[in-house]
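# Residue-level structural notes
Here's the letter readout for the chains.
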Amino acid sequence: MGGVPRFWRSIDNRYRLIGTRCKNCGEVFFPPRVVCPNCRSDGEMEEVQLSGRGEVYTYSVVRVPPEGFEDKAPYVVAVVKLEEGPLVTAMIVDCEPGEIDVGTPVEAVFRRISEDGEDGVIYYSLEFRPVREG
Ligand SMILES: [Zn+2]
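The present account deals with the structure reproduced in this document.

Parameters and conventions
- Residues numbered from 1 in each chain as written.
- Predicted model: local features only at pLDDT ≥ 70, side-chain atom pairs only at ≥ 80, totals over all residues.
- Heavy atoms only, no water.
- Helix = DSSP H or I, 4+ residues; strand = E, 2+ residues; numbered from the N terminus.
- Buried < 20%, exposed > 50% of the residue type's maximum accessible area, 1.4 Å probe, protein only.
- Contact = heavy atoms within 4.5 Å.
- Donors = N, O, S within 2.8 Å, 3.2 Å for Na, K, Ca; no water.
- Tetrahedral: all angles 85-135°; square planar, octahedral: opposite > 155°, others 65-115°.

## Quick word on the overall build of the protein
Looking only at helices and strands, one finds one helix and eight strands in the protein. Its helices and strands taken in sequence order, the protein reads α-β-β-β-β-β-β-β-β from the N to the C terminus. Expressed as a percentage of the 134 residues in the protein, the buried residues total 35%. At a minimum sequence separation of 6, the contacts of the protein that also span at least 24 residues come to 47%.

As structure tokens, then:
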């Protein structure tokens with residue numbers, strides 16, 4: 001045991017948005033945690049499939065972006081409250097900043113950002129986009 005939890009070794013699992021749920025208190029965590037911060041060692045964790053759906057909890061519009069993101073500005077960075085409860089900070093894509101408000105329903109999307117040539121690890125960034133009806 002020890003080292004990196006196995007969920008971080010699996011691209012598939014990250015793509016599928018796996019979190020963990022404490023069997024003791026029921027709280028869901030994303031990214032997955034090995035130990036429940038509420039229950040410590042009393043809580044046994046189980047993996048749960050997250051829906052990837054949630055709503056904007058709070059957000060800000062970034063107009064002066066950090067280096068490397070110049071072509072994306074202005075963009076929205078939001079704290080998304082997932083259906084299962086965890087809060088995730090991520091960029092909101094496929095939208096105009098004016099479309100986003102507190103409570104806007106969003107869904108997770110994964111964007112391939114880079115591939116490590118040596119060991120072939122592929123890095124994904126988790127982003128969200130507004131859920132559009134119809
Ligand atoms: Zn717990």
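## Focus: the coordination of the zinc ion
For the zinc ion, every protein donor is listed as C22 (SG), C25 (SG), C36 (SG) and C39 (SG), and the spread of their distances is 2.3 to 2.4 Å. One can describe the donor arrangement at the zinc ion as tetrahedral, given that its four donor atoms subtend angles of 107 to 113 degrees at the metal. Mapping the donors of the zinc ion onto the primary sequence yields the spacing C-x2-C-x10-C-x2-C. Relative accessible area serves as the criterion here: at 0%, C22 is assigned to the buried category. The partly exposed category is assigned to C25, whose relative accessible area is 40%.

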